[in-house]
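# Results of the structural survey
Each chain, letter by letter, is given below.
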Amino acid sequence: MGTYLVTQLDRSGGRSTPDVVQAAVDGGVDVVQLREKHASARDRYEVGREVRAVTADAGVTLVVNDRVDIAAAIGADGVHLGDDDVPVSVAREQLGDDAIVGRSVSTVAGARAAEEAGADYLGVGAVFATDTKDTDPEQSEIGTERVSAIADAVSIPFVGIGGVTPGNAADVVAAGADGVAVVSAITAADDPADATRHLADSVAAGRDRR
């Protein structure tokens, strides 16, 4: 779970989401989350089918943001849920016991609750300032100290997300995260494959600092 790409077409410099995912896969990405918040359900499904083909061929984990139905329809490995989505238990019932169910959290209490609810992993953030997602002020720029507190509070893996770049990813991992999730750091890069490699190097450096 070291490097985790969250897709977003409008940050992709005119490239298609499947093309960006293929480049990230070529760069060694570990997990891809199909987000595409502004697309219709039909478009997300169609793009998701293409992305599933890319990730399946490479053995890369694919989860779908929010939509349990789309995750099931494209044969994704699981789903990633937020505060306004169905409960973890419902997603598990719909997708099966083997599905991966992730949960977005920003507090220690939220992390503990998600673990108790049966989440397999967490997305923790926003660690730093970000403009790729609208977040409540209390969920913005939580910093690496909060990352450390959550690492001490739960036993399931988690990625830090929000304003993460190859330049600060090592700090997030050194604080206790198992990896980092990014949007622009890969999708907006001139060379997404190379950007993925640099991100992985930063994650490795963070692990060395623990």
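Up top is the structure these notes are about.
Heads up: these notes are all about the structure in this document. None of these values were measured; they are calculated from a predicted model.

### Focus: the side chain of N65
Topologically, N65 is positioned in strand β3 (residues 61-65). Ignoring sequence-local partners within four residues, the contact set of N65 consists of Q33, L34, R35, K37, R44 and H80.

### Details of unusual backbone geometry
Excluding glycine, residues mostly have negative phi values, and the peptide bonds linking residues are mostly trans. Of the consecutive residues G125 and A126, the connecting peptide bond is found in the cis state with omega at 5°. Positive phi values are uncommon outside glycine, yet E36 reaches one of about 45°. Relative to the helices and strands, E36 is located in the loop between β2 (31-34) and α2 (41-58). One non-glycine residue, D66, lies in positive phi territory at about 70°. Following the sequence through the fold, D66 ends up in the loop between β3 and α3 (68-74). A residue is classified by how much of its surface remains accessible, and D66, at 19% relative accessible area, is buried.

### A closer look at the pairing of strand β1 (residues 3-6)
Here β1 shows two buried faces, one formed by T3 and L5 and the other by Y4 and V6. Strand direction decides the pairing type here: β1 and strand β8 (residues 179-182), joined by three bridges, are parallel. The residue of β8 that forms the bridge with Y4 is A181. Of the pairings in the sheet, the one linking β1 to β2 comprises three bridges and is parallel in character.

### Thoughts on α2
Between its first and last C-alpha atoms α2 spans 25 Å; for 18 residues at 1.5 Å apiece the expected length is 26 Å, and the two agree. Of all the positions in α2, only R44, G48, V51, R52, V54 and T55 are classed as buried. Trailing α2 by a residue or two, G59 shows a phi angle of about 70°, which is positive.

### Comments concerning the packing of aromatic side chains
Following the criterion strictly, the structure yields one aromatic pair and no others. Ring centres 6.0 Å apart and planes at 55° place the aromatic pair Y4 and Y121 in the tilted group. Linking Y4 in strand β1 with Y121 in strand β6 (residues 121-125), this pair joins segments that are 117 residues apart in sequence. Taken as a pair, Y4 and Y121 share a single burial class, namely buried.

### Side note on the pairing of β8
Every other side chain in a regular strand lies on the same face of the sheet, so the side chains alternate between the two faces. Burial of β8 is two-sided: the residues G179 and A181 facing one way and the residues V180 and V182 facing the other way are all buried. The pairing of strand β7 (residues 158-161) with β8 spans three bridges and is classified as parallel. Bridging from a neighbouring strand, V159 pairs with G179 of β8. One crossover worth recording links β7 to the parallel β8 by way of helix α7 (residues 169-174), and it is right-handed.

Cut-offs used in this document
- Residues numbered from 1 in each chain as written.
- Predicted model: local features only at pLDDT ≥ 70, side-chain atom pairs only at ≥ 80, totals over all residues.
- Heavy atoms only, no water.
- Helix = DSSP H or I, 4+ residues; strand = E, 2+ residues; numbered from the N terminus.
- Contact = heavy atoms within 4.5 Å.
- Buried < 20%, exposed > 50% of the residue type's maximum accessible area, 1.4 Å probe, protein only.
- Pairing = 2+ DSSP bridges.
- Expected span 1.5 Å × (residues − 1).
- Phe/Tyr/Trp six-rings, centres within 6.5 Å; stacked < 30°, edge-to-face > 60°.
- Right-handed = clockwise from strand over helix to strand, strands pointing away.

Such coordinate-based values are descriptive only and should not be taken to indicate function.
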